[in-house]
Amino acid sequence: METQIIINTDVVQMSASAIVIAVSCHGIFDLNSDTPTESDTLPKGVAFSLVKAIQAINEKLAAKNSNDTLFDVILVANDLQGNQSKVVSSTKHYGLQISRFCFCTGEDFTQSLQATNVNLYLSMETSDVCKALQEAVPAALLCPQTRPQLEGDEEQVVSPLTVLLSGDVMGLPEEKLLEAGFSQPQLQIFRAAKASMADFAAVIGEMRRPFGREDSPLRVTLMSVLGSRDEWASALLTARGWGLEVDEAYCLAGASRDPILKCIQPHILCYDGLYNVSEVPALS
Amino acid sequence: MSGSNIARLPPPLSAPAAVSGSSSTARPALPLPAAPAIGGKSSSHTARKAETNSKFPNPKNCVTIAVSSRVLFNMDVEQQIYEQKGMEDYLTYQVEHETEPLKPGPAFPFVKAVEEVNMRLRELYPDSEEVFDVVLMTNNHANVGLRLINSVNHYNLLVERFCMTGGNSPIGYLKAYHTNLYLSADAIKVREALDEGITSATMFSLDKVSEVPETELRVAFDGDAVLFDDEAERIFKTQGLDKFFEHEKALADQPLDHGPLKGFLEALGKLQRKFYAKGQRLECPIRTYLVTARSAASSGTRALKTLRSWGLEIDEALFLAGAPKGPMLEKIRPHIFFDDQMFHVTGASRMGTVAAHVPYGIAQRVPQKPPKHNK
């Protein structure tokens, strides 16, 4: 079985210099919906607003008329079993600026990602993110949004794309994780996340760079859960060294991160393997 | 106060040298720099941490005090730059002065005293999570973070939790940390917090600060509209003093409803009882004061009975019968004094007491003027 790549003819294809963000379509559309919909349109998924947020970034960049790099969003799906045409038609229905669809089968989706020169892969499934990280593809978790999403074509103020980086990946020495009792599999993911971190930060940094500190359509948040304040400081310095502009920063010093995540409501979350979450906690 | 505990300044946190920041190709890849060298924590901080068996307490169990950066430290100069020249210049200034520790702000002595109490608590209850936890909760952009960390390190403060919201409202985060008390220089945020049921007060920079004890935390409270609700205050302001006396006499046995600081007094009382339980009533390092314009002979009764009905103790109750609070506070030397009326807050500040304004109740809507009669 082969990977199918379908071009979205409704959308102008971007140049090869654009940064490619591959998004798993499971968050963008609700593929398991029970409610019957009009034939070819899938309901919006819990992470639908991510695509809108990236579009807003591209629009602002285009309005600035500069040579800033744009962001090319492609949809990736693994084992869709016949819903391919619905995904394509729904994309067109909602007018999403998605340039291509990459329909994979079986376990070969990381190879497909590598073949399509993806700069960043986003999925709601931690297992997919781990697989990608272990193949050295920068990847992060796509988070469900609980901000109310308007139905239909109503104009909606798009909240800025919020990206959460792990200060622990950037500043926490491994010995501390071992002391804290994390398992070897978790440490492996941590290491894989650390290895891709620079590339991930580069993509996010590139997205953030053209905008000022206020009214940016992209916000970068750095959070240390386990690290001490000096390890958090180390993470902040690392980010600065990479030229990555950080807007918000949190040092939790062991406090539970769920209540804070509810406030931040990230779209994209750097997965560091330290938390046994099968999904990001319901941000209600 | 600031001179007593200064540890040697650790080597400055500075950005690693020469990392290329510009690239605009399709796959920008910045080289991963070697981990920047951070100066080790000053030795006494490390020692203190080891002593305190530093497992970070769960916010649910501790008494969480959130302080903004402008009340923990003095940022008058920086604030002026922000107001006059804008965000960019302000941030540039902060980063340029990153290795210069900030000077202490109005909440600094309070935080230091809180840490002393924690040390004493840990001596008696090494494994307990019922301690104070101070969180730095600021609206600031993350770029200011390093200067704040350097400043915290410089004074050897045990602040481990930081929330830099980069312009977003702190309210959600205050709730997430189960905040028991929020101190900020921004009156608008304080009001928002109070509206959301979070105990909160506004603090101001001081020109003159009296010496306060280092080994005993002293917290002073006004009564009406601070510990108690503003029921009686309303009567006084709308119907006058005589009506107030009548009302309070008639209802002497009926407890007042609670005010915004009741919960904090309760939290302090809980910690005090931990000392009493170990036979340390006389040496308890927390002392609370009621400083009210009510008079002992009459309207004070209802205040005391209310406290009793809540099962709360207060160490000293000072009924001033309308006299100015400044001189009394100067004698008490509390680390912080909470009042709902700016008149009293300014009066106290003029005499060197750190006073915090609680923007609650009718006093905020009625024009302030000094009381003419005895209460």
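The rules behind these values
Residues numbered from 1 in each chain as written. Chains lettered and ligands numbered in written order. Predicted model: local features only at pLDDT ≥ 70, side-chain atom pairs only at ≥ 80, totals over all residues. Heavy atoms only, no water. Helix = DSSP H or I, 4+ residues; strand = E, 2+ residues; numbered from the N terminus. Buried < 20%, exposed > 50% of the residue type's maximum accessible area, 1.4 Å probe, protein only. Contact = heavy atoms within 4.5 Å. Areas by Shrake-Rupley, 256 points an atom, 1.4 Å probe, with all protein chains shown as cover. Salt bridge = Lys/Arg side-chain N within 4 Å of Asp/Glu carboxyl O. Axes fitted to C-alpha atoms, helices over the stretch in contact; angles between N-to-C directions. Left-handed = near helix turned anticlockwise from the far one by under 90°. Nonpolar A, V, L, I, M, F, W, Y, C, P; charged D, E, K, R; others polar. Pairing = 2+ DSSP bridges. Right-handed = clockwise from strand over helix to strand, strands pointing away. Phe/Tyr/Trp six-rings, centres within 6.5 Å; stacked < 30°, edge-to-face > 60°. Lys NZ or Arg CZ within 6 Å of the ring centre and 35° of its normal. Parallel < 35°, antiparallel > 145°, perpendicular 65-115°, else oblique. Core = buried A, V, L, I, M, F, W, Y, C linked by side-chain atoms within 4.5 Å. Expected span 1.5 Å × (residues − 1). pLDDT = per-residue confidence, 0-100. Disulfide = S-S within 2.5 Å.

## Looking at the overall build of chain A
- Tallying secondary structure elements over chain A gives 10 helices and 10 strands in all.
- Buried positions account for 59% of the 284 residues belonging to chain A.
- Sequence separation of at least 24 residues holds for 75% of the intrachain contacts in chain A that already meet a minimum separation of 6.
- Accessible surface, chain A: about 11,400 Å² in total, of which carbon and sulfur atoms supply 49%.

## Some thoughts on the overall build of chain B
- Check the secondary structure of chain B and you find 15 helices and 12 strands.
- The burial tally for chain B puts 54% of its 375 residues in the buried class.
- Summed over all atoms, the accessible surface of chain B reaches about 16,100 Å², with 51% contributed by carbon and sulfur.

## Details of unusual backbone geometry
- Here Asp215(A), not a glycine, exhibits a phi torsion of approximately 60°, which is positive.
- For Asp215(A), the location among the structural elements is in the loop between α8 (184–208) and β8 (218–224).
- For Ala225(B), which is not glycine, the phi dihedral falls at a positive 65°.
- Classification of Ala225(B) as buried rests on a relative accessible area of 0%.

## Considering the side chain of Ser68(B)
All names here are of chain B.
- With respect to the element layout, Ser68 can be found in the loop between β1 (63–67) and α2 (69–72).
- Residue classification places Ser68 among the buried residues on the basis of a relative accessible area of 7%.
- Excluding its chain neighbours within four sequence positions, the residues that come into contact with Ser68 are Met137, Leu183, Ser184 and Ala185.

## A word on the pattern of salt bridges
All names here are of chain A.
- Going through the model one piece at a time under the given rule, you end up with 32 salt bridges over all chains.
- Between Arg100 and Asp72 there is a salt bridge; the shortest N-O distance is 3.0 Å. With Arg100 in strand β4 (residues 98–104) and Asp72 in strand β3 (residues 71–78), this pair connects stretches of sequence that are 28 residues apart. Like Arg100, the residue Asp72 is buried in the burial classification.

## Structural notes on the packing of helix α5 (residues 108–124) of chain B against helix α12 (residues 262–276) of chain B
Residues and elements named next belong to chain B.
- Two elements in contact, α5 and α12, have axes whose closest approach is 10 Å; the angle formed by their N-to-C orientations is 35°. Relative to α12, α5 is oriented so that their crossing is left-handed. For the pair α5 and α12, the contacting residues are Phe110, Val117, Arg120, Leu121 and Leu124 in the first and Phe264, Leu271, Lys274 and Phe275 in the second.
- Partitioned by chemical class, the residues of the contact of α5 with α12 number seven nonpolar, no polar and two charged.

## Examining the pairing of strand β9 (residues 286–292) of chain B
Residue and element names in this part refer to chain B.
- Burial runs high along β9: six of the seven residues are buried.
- Both strand β8 (residues 217–221) and β9 contribute to a ladder of five bridges, which runs parallel. Its bridge partner being in β9, Arg218 is matched across the sheet by Arg287.
- Each parallel crossover has a hand, and the one from β9 via helix α13 (residues 300–309) to strand β10 (residues 316–319) is right-handed.

## Digging into the packing of aromatic side chains
Residue and element names in this part refer to chain B.
- Overall, the coordinates contain 13 aromatic pairs over all chains when judged by the stated rule.
- The ring centre of Tyr125 lies 4.5 Å from the NZ or CZ of Lys274, which sits over that ring.
- Here the guanidinium or amino end of Arg281 rests over the ring plane of Tyr276, the centre of that ring lying 3.9 Å away.

## Focus on the environment of Asn32(A)
Residues and elements named next belong to chain A.
- Mapped onto the fold, Asn32 is located in the loop between α1 (25–28) and α2 (48–64).
- The exposure class of Asn32 is exposed, given its relative accessible area of 67%.
- Along the primary structure Asn32 and Gly45 are separated by 13 residues, whereas in three dimensions their C-alpha atoms are 9.6 Å apart.

## With respect to the packing of helix α10 (residues 231–239) of chain B against helix α11 (residues 241–250) of chain B
Residues and elements named next belong to chain B.
- Viewed as axis vectors pointing N to C, α10 and α11 meet at an angle of 150°, and their least axial separation amounts to 7 Å. The orientation of α10 with respect to α11, classified from their angle, is roughly antiparallel. Note on element contacts: α11 touches α10 through Leu241, Lys243, Phe244, His247 and Glu248, opposite Glu231, Ala232, Ile235, Phe236 and Gln239.
- Grouping the constituent residues of the contact of α10 with α11 by class yields five nonpolar, two polar and three charged.

## Here we look at the nonpolar core
Residues and elements named next belong to chain B.
- Residues Leu183, Phe221, Phe264 and Phe338 are the most contacted members of the largest nonpolar core, which totals 183 residues.
- Residue contacts for Phe264: discarding those within four places in its chain leaves Val63, Ile65, Phe110, Asn180, Leu181, Thr199, Val219, Phe221 and Phe338.
- Membership of the second largest hydrophobic core comes to 11 residues, among which are Leu320, Leu329, Val345 and Ala348.

## Thoughts on α5(B)
- Over its 17 residues, α5(B) extends 25 Å from the first C-alpha to the last, a length consistent with the 24 Å expected when each residue adds 1.5 Å.
- In terms of burial, α5(B) is largely enclosed, as 13 of its 17 residues are buried.

## Some points on helix α6 (residues 145–154) of chain B
Residues and elements named next belong to chain B.
- Of all 10 residues in α6, 10 are buried; the element is thus mostly enclosed.
- Gly145, Leu146, Arg147, Leu148, Ile149, Asn150, Ser151, Val152, Asn153 and His154 are the residues of α6 that are buried.
- Asn156 occupies a position one or two residues after α6 and carries a positive phi of about 60°.

## Remarks on the pairing of β8(A)
All names here are of chain A.
- By the criterion of burial, β8 is predominantly enclosed, with seven of the seven residues buried.
- Here β8 shows a buried face lined by Leu218, Val220, Leu222 and Ser224 and a second buried face lined by Arg219, Thr221 and Met223.
- Two strands pair when backbone bridges link them, and strand β7 (residues 161–166) and β8 are joined in this way by six bridges, in the parallel orientation. Counted as the bridge partner of Ser166 is Met223 from β8.
- Between the parallel pair β8 and strand β9 (residues 248–251), the chain is carried across by helix α9 (residues 229–241), and the sense of this crossover is right-handed.

## Some details on the confidence of the model for chain B
All names here are of chain B.
- Averaged over all residues, the pLDDT of chain B is 84; the fraction at 70 or higher stands at 83%.
- Model confidence for chain B, summarised as mean pLDDT per element, is weakest for helix α1 (residues 43–51) at 40 and strongest for strand β7 (residues 200–203) at 98.
- Predicted complex, confidence summary: ipTM 0.88, pTM 0.86.

## Some points on the state of the cysteines
Residue and element names in this part refer to chain A.
- Evaluation of the coordinates by the stated rule reveals zero disulfides over all chains.
- Cys25 carries a free sulfur, and the closest cysteine sulfur to it, the one in Cys104, is 9.8 Å from it.
- Residue classification places Cys25 among the buried positions, given a relative accessible area of 0%.
- You can see Cys104 has no disulfide; the closest cysteine sulfur is in Cys102, sitting 3.9 Å from it.
- For Cys104, a relative accessible area of 3% translates into the label buried.

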